[in-house]
Amino acid sequence: MRVVPGREEECVINATGGYKAQISFAGLIGQVLKIPVYYLFEGFASVISLPEMPVFFDYKIWLKRFQLFRDLYQLGVISTKLLPERTDLSALKGA
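Residues numbered from 1 in each chain as written. Predicted model: local features only at pLDDT ≥ 70, side-chain atom pairs only at ≥ 80, totals over all residues. Heavy atoms only, no water.

Some points on the overall build of the protein
Of the regular secondary structure elements, the protein holds three helices and three strands. Looking at the protein as a whole, 13% of its 95 residues are labelled buried. (Helix = DSSP H or I, 4+ residues; strand = E, 2+ residues; numbered from the N terminus. Buried < 20%, exposed > 50% of the residue type's maximum accessible area, 1.4 Å probe, protein only.)

Some words on a nonpolar patch on the surface
Together, Val12, Tyr38, Leu40, Phe41, Phe44, Val47 and Ile48 give the surface a local cluster of nonpolar side chains, amounting to about 580 Å² of exposed area. By secondary structure assignment, the location of Tyr38 is in strand β2 (residues 37-39). (Patch = residues over 30% accessible without salt bridge, like charges linked within 9 Å, V, L, I, M, F, W, Y side chains within 5 Å. Areas by Shrake-Rupley, 256 points an atom, 1.4 Å probe, with all protein chains shown as cover. Salt bridge = Lys/Arg side-chain N within 4 Å of Asp/Glu carboxyl O.)

Quick look at the sheet that holds β2
As summarised here, the arrangement of the three strands in space is β1-β2-β3, forming an open sheet in which the pairing is mixed. Of all the strands in the sheet, the pair left with one neighbour each is β1 (13-14) and β3 (48-49). Across the sheet, helix α1 (residues 20-33) is in contact with β1 and β2; its angle to β2 comes to roughly 155°. (Pairing = 2+ DSSP bridges. Contact = heavy atoms within 4.5 Å. Axes fitted to C-alpha atoms, helices over the stretch in contact; angles between N-to-C directions.)

Here we look at the packing of aromatic side chains
Within the structure shown, the criterion is met by three aromatic pairs. Considering the side-chain rings of Trp62 and Phe66, the 5.3 Å spacing of their centres and the 65° angle between planes classify their relative orientation as edge-to-face. A network of ring pairs unites the aromatic residues Tyr39, Phe41 and Phe44 as a single cluster. (Phe/Tyr/Trp six-rings, centres within 6.5 Å; stacked < 30°, edge-to-face > 60°.)

Focus: α1
Spanning 14 residues, α1 covers 20 Å between terminal C-alpha atoms, matching the ideal 20 Å at 1.5 Å per step. Within α1, burial applies to Ile23, Ala26, Gly27, Gly30 and Gln31. Taken around the axis of α1, the buried residues stretch over an arc of 140°, which confines them to a single face. Turned more than 90 degrees off the buried face of α1, the exposed positions are Ala21 and Phe25. (Expected span 1.5 Å × (residues − 1). Arc of directions from axis to C-beta.)

Some words on the confidence of the model for the protein
The predicted model of the protein averages 78 in pLDDT, with 79% of residues at 70 or higher. Per-element confidence in the protein is highest for β2, whose mean pLDDT is 90, and lowest for helix α3 (residues 66-75), whose mean pLDDT is 79. (pLDDT = per-residue confidence, 0-100.)

Focus on the side chain of Gln31
The topology assignment puts Gln31 in helix α1. What Gln31 contacts, discounting residues up to four positions off in sequence, is Glu52, Met53 and Val55.

Right, here's the structure in full:
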């Protein structure tokens, strides 16, 4: 996707086609970047606009944990050993 400066309002994401995971990722990218996302389901007569999801991307948290995210990316795995000791993982228990 390429956004042309001054023409951001003309940008949309077409999430039609591809794997389900790709479609959901396109929707999430649209949500984070405030870009409308459209989808054409094979059983529908017209294009639908995907609604906003109850998801928020906090850039401050991302920047604060950038080193951790970079380490995880470089390792190719997720390891709780890299998390700070005070990180609350209780919400993950039982999942």
